[in-house]
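Residues per chain are reported as follows:
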Amino acid sequence: MLRAHPDLLLFAPMSVKPLRQRAAWAALENHYRQIKDQHLRDLFSADPKRGEKLTAEALGIYLDYSKNRVTGETIKLLCQLAEESGLRERTAAMFRGDKINVTEKRAVLHTALRAPRSASIIVDGHNVVPDVHEVLDRMAAFCQRLDKRIKNIVNIGIGGSDLGPVMAYEALRHYSNRNLTFRFVSNVDGTDFVEATQDLKPAETLFIVASKTFTTQETMTNALTARQWIGSLPVHEHFVALSTNEAEVKKFGIDPANMFGFWDWVGGRYSMDSAIGLSTMIAIGPDNFRAMLAGFRAMDEHFRTAPFDQNLPVLLALLGIWYTNFFGAETQAVLPYDQYLKRFPAYLQQLTMESNGKSVTAGGARVDYETGAIYWGEPGTNGQHSFYQLIHQGTKLIPCDFIGFKHTLNPVGQHHDLLMSNFFAQTEALAFGQSAAEPYRVFDGNRPSTTMLCDRLTPAMLGQLVALYEHCVFAQGIIWDLDSFDQWGVELGKVLAKRITPELQSKTEPELKHDSSTNTLIRRYRQR
Ligand code: F6P
């Protein structure tokens, strides 16, 4: 067991026991034994109204969890687990601005990014809400006065400074200004920059350098390449910065007037609705951006106030716990039946896996249970012709979130009915399967899925969906007793890479002090 740093213990509510010692955990273990072999076919025939009952609805999202391997009792026990884990108190602590990111000693206040102007949220004695709105207003003014010569917007950033902006741009493309071209450069691989800019003219291009720290190697390397690429054009006309680090922004040569700030209480993967969303705001306009924020806020309120058994993020979180910790599922598929959401699974990978990919509790103890699932997915129906085979007939249990919309943004012929027929058919096939004489035609069924049938993909709906998963991640992190807001697991690789760069570039043969595999690989690379 690791020794907990005294600071870490401050946050752990005294009344919360380690996960496996909570009463609801033992009850769930018993319950799992009773339910694990029950087939969804039997659960549905035992209760003809199951498909109407095991549902919840809020904010234009109808969540049907009846095709999961649960009963009313399962949900009751899981909700009890959430209660015993202190989810209510911890949620209040997050919204209040307590320093719940214990290893970095920071508040976690992405919810403040969408708070109304009238709200007051105090961090270290200071109300942060006016600061949030001051930046939003400056961003809106910037969008309105964007130089008419600018035709291309290139966002340079990585992780949360890329995945949110690129996902939101794709998701809300229907609402975007089609006179502008948007590109996103993230990888330190020079190919990313070269391909993103090869058909652009420097005089018509604005670079948005998005980096919370403004020290991230990939982003700063791409930003320096961009500065060279514009040649003698003035930096202040072609660069803006989105960052918390004014000193580094200045050092790079970007005028603070062209900087949009945010704060250390915004985690990178929770930042798409902060200044990091400038490219989104330029694309869809300030009014649509504010509508997106209103969607986030509506889901925040739902999460904060709805009873657990009617609470969309909590239900998603509890289902995830059920499969991860009791059924031993390793992954969670997210399958959006909307082409605009094609980057949503990639966005969720950072949100979920950087948050809950941990094996030490917030108090510093090694966990003795499974934590964060591997998230993955592709838009339907493409996935159906690729990996669905394994979900239907493979040996692994893969819970799936299906996300679809009643209304399409592009009504073309019968496309939407065909798309949605597939959407409904897949969950039916997964749950109920089919018997057949030939073994290879047998579908066992009993493969769990959750369906989210949403009204329409608007900016507000996107905000709601993102906040839904943000709070799902939070709720799971609380039950698993993790610090969902740090990301120490990305550090070691960065440190080692910095050590290796001079070894690759040294003119003379460097003394290599790695293992025999790494040494040989580096020598071979040097011989190229
Ligand atoms: O990968 C680690 C990480 O710190 C992410 O959490 C973050 O989103 C990304 O790097 C980019 O960081 P920055 O915005 O500081 O460049």
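Scroll up to find the structure.
Caption draft 1: How the structure looks around the overall build of the chain. A count of helices and strands for the chain gives 21 helices and 13 strands. Expected size for 528 residues packed as a compact globule is a radius of gyration near 24 Å; at 24 Å, the chain falls within 12% of this value. Projecting the C-alpha coordinates of the chain onto the three principal axes gives extents of approximately 75 × 60 × 60 Å. The contacts of the chain with a sequence gap of at least 6 include a subset with a gap of at least 24, amounting to 74%. Carbon and sulfur atoms make up 52% of the accessible area of the chain, which totals about 23,500 Å².

Caption draft 2: Main features of the pairing of strand β7 (residues 205–210). Of all the six residues making up β7, six are buried; the element is thus mostly covered by neighbouring parts of the structure. Residues Thr205, Phe207 and Val209 line one face of β7 and the alternating positions Leu206, Ile208 and Ala210 line the opposite face, and both faces are buried. Here strand β5 (residues 152–156) pairs with β7 via five bridges, running parallel. Bridge pairing in β7 links Asn155 to Ile208. Where β7 meets strand β8 (residues 239–243), four bridges bridge the pair, whose relative direction is parallel. Bridging from a neighbouring strand, Ala210 pairs with Leu242 of β8.

Caption draft 3: The packing of helix α16 (residues 344–356) against helix α19 (residues 459–480), seen in detail. For the pair α16 and α19, interaxial distance at closest approach is 10 Å and the crossing angle is 25 degrees. Relative to α19, α16 is oriented roughly parallel. For α16 against α19, the interelement crossing comes out right-handed. Note on element contacts: α19 touches α16 through Leu465, Val466, Tyr469, Glu470, Val473, Gln476, Gly477 and Trp480, opposite Phe344, Tyr347, Leu348, Leu351, Thr352, Ser355 and Asn356.

Caption draft 4: Structural context of the sheet that holds β7. The strand order across the open sheet formed by five strands is β6-β5-β7-β8-β9, and the pairing between neighbours is parallel. The open sheet has two edge strands, β6 (181–185) and β9 (259–261), and neither has a second partner. Averaged over neighbouring strand pairs, the angle between their axes works out to 15 degrees when direction is ignored.

Caption draft 5: Focus on the environment of Phe344. Tracing the sequence through the fold places Phe344 in helix α16. Measuring from C-alpha to C-alpha, the distance between Phe344 and Arg528 comes to 39 Å, with 184 residues separating the pair along the chain. If we skip the residues at most four places from it in the chain, Phe344 touches Met167, Val334, Ile403, Leu465, Val466 and Tyr469.

Caption draft 6: Expanded view of the pairing of strand β1 (residues 55–58). For β1 and strand β2 (residues 61–64), the ladder comprises four bridges, and the chain directions are antiparallel. What sits directly across from Ala56, in β2, is Leu63. Here β1 folds back onto β2 in antiparallel fashion, the turn holding two residues, of which Leu59 has a positive phi close to 55 degrees.

Caption draft 7: Just the packing of aromatic side chains, in detail. Counted under the stated rule, the structure contains 30 aromatic pairs. Ring centres 6.3 Å apart and planes at 85 degrees place the aromatic pair Phe193 and Trp229 in the edge-to-face group. Residue Phe193 is found in helix α9 (residues 190–197), and its partner Trp229 is found in helix α10 (residues 217–229); the two are separated by 36 residues along the sequence. Judged by its relative accessible area of 4%, Phe193 is buried. Exposure remark for Trp229: the relative accessible area of 23% places this residue in the partly exposed category. Ring geometry for Phe214 against Phe252: centres 6.2 Å apart, planes inclined by 85 degrees, an arrangement best described as edge-to-face. Taken together, the residues Phe214 in the loop between β7 and α10 and Phe252 in helix α12 (residues 246–252) connect sequence positions 38 residues apart. Comparing Phe214 with Phe252, the two get one shared label, buried.

Caption draft 8: Focus on the nonpolar core. Residues Phe344 and Leu462 are the most contacted members of the largest nonpolar core, which totals 126 residues. Counting residues per element, this core draws most heavily on α19, which supplies 14 residues. Among residues more than four places away in sequence, those in contact with Leu462 are Met167, Ala168, Ala171, Leu172, Met272, Met292, Leu341 and Leu457. Ranked by size, the runner-up nonpolar core spans 19 residues in total, among them Val154, Phe193, Phe207 and Phe252.

Caption draft 9: Representation of the site of the ligand in the model. Residues in contact with the ligand amount to 13 residues; listed here are only the nearest, Gly160, Ser161, Ser211, Thr213 and Thr216. Contact between the ligand and Gly160: an oxygen atom at 2.7 Å from a main-chain N or O atom of the residue. Within the contact set of the ligand, an oxygen atom lies 2.5 Å away from a side-chain nitrogen or oxygen of Thr216. Alone, the ligand offers 390 Å² of accessible surface; in the complex the protein occludes 86% of this. Tallied by class, residues from the shell around the ligand come to two nonpolar, nine polar and two charged.

Caption draft 10: Layout of the sheet that holds strand β10 (residues 331–336). Strands sit in the order β1-β2-β13-β12-β10-β11 across an open sheet of six strands; the sheet is mixed. The open sheet has two edge strands with one neighbour each: β1 and β11 (374–376). Adjacent strand axes in the sheet meet at a mean angle of 15 degrees, parallel and antiparallel pairs treated alike. Here three bridges tie β10 to β11, and the two strands are oriented parallel to one another. Residue Ala333 lies in a different strand from β11, and its bridge partner there is Trp376. Each of β10, β11 and β12 (400–405) touches α16; the most contacted strand, β11, lies at about 165 degrees to it.

Caption draft 11: Representation of the pattern of salt bridges. Tallied over the entire structure, the rule returns 28 salt bridges. Of the charged contacts, one joins Arg114 and Asp300 as a salt bridge, the two residues approaching to 2.8 Å between their closest N and O atoms. One end of the pair, Arg114, is in the loop between α6 (87–96) and β3 (122–123); the other, Asp300, is in helix α14 (residues 286–305), with 186 residues separating them in the sequence. For Arg114, a relative accessible area of 1% translates into the label buried. Between Asp486 and Lys358 there is a salt bridge, and its shortest N-O distance comes to 2.8 Å. In this pair, Asp486 is assigned in the loop between α19 and α20 (491–505) and Lys358 in the loop between α16 and β11, connecting sequence segments 128 residues apart. For the pair Asp486 and Lys358, a shared accessibility class is recorded, and that class is buried. Within the structure, one salt-bridge network assembled from shared partners comprises Arg114, Asp273, Asp300 and Glu470.

Conventions used here
- Residues numbered from 1 in each chain as written.
- Predicted model: local features only at pLDDT ≥ 70, side-chain atom pairs only at ≥ 80, totals over all residues.
- Heavy atoms only, no water.
- Helix = DSSP H or I, 4+ residues; strand = E, 2+ residues; numbered from the N terminus.
- Rg over C-alpha atoms; globule rule 2.2 N^0.38 Å.
- Contact = heavy atoms within 4.5 Å.
- Areas by Shrake-Rupley, 256 points an atom, 1.4 Å probe, with all protein chains shown as cover.
- Buried < 20%, exposed > 50% of the residue type's maximum accessible area, 1.4 Å probe, protein only.
- Pairing = 2+ DSSP bridges.
- Axes fitted to C-alpha atoms, helices over the stretch in contact; angles between N-to-C directions.
- Parallel < 35°, antiparallel > 145°, perpendicular 65-115°, else oblique.
- Left-handed = near helix turned anticlockwise from the far one by under 90°.
- Phe/Tyr/Trp six-rings, centres within 6.5 Å; stacked < 30°, edge-to-face > 60°.
- Core = buried A, V, L, I, M, F, W, Y, C linked by side-chain atoms within 4.5 Å.
- Near = heavy atom within 4 Å.
- Polar contact = N/O pair within 3.5 Å; in protein donor to acceptor, adjacent residues only side chain to side chain.
- Nonpolar A, V, L, I, M, F, W, Y, C, P; charged D, E, K, R; others polar.
- Salt bridge = Lys/Arg side-chain N within 4 Å of Asp/Glu carboxyl O.

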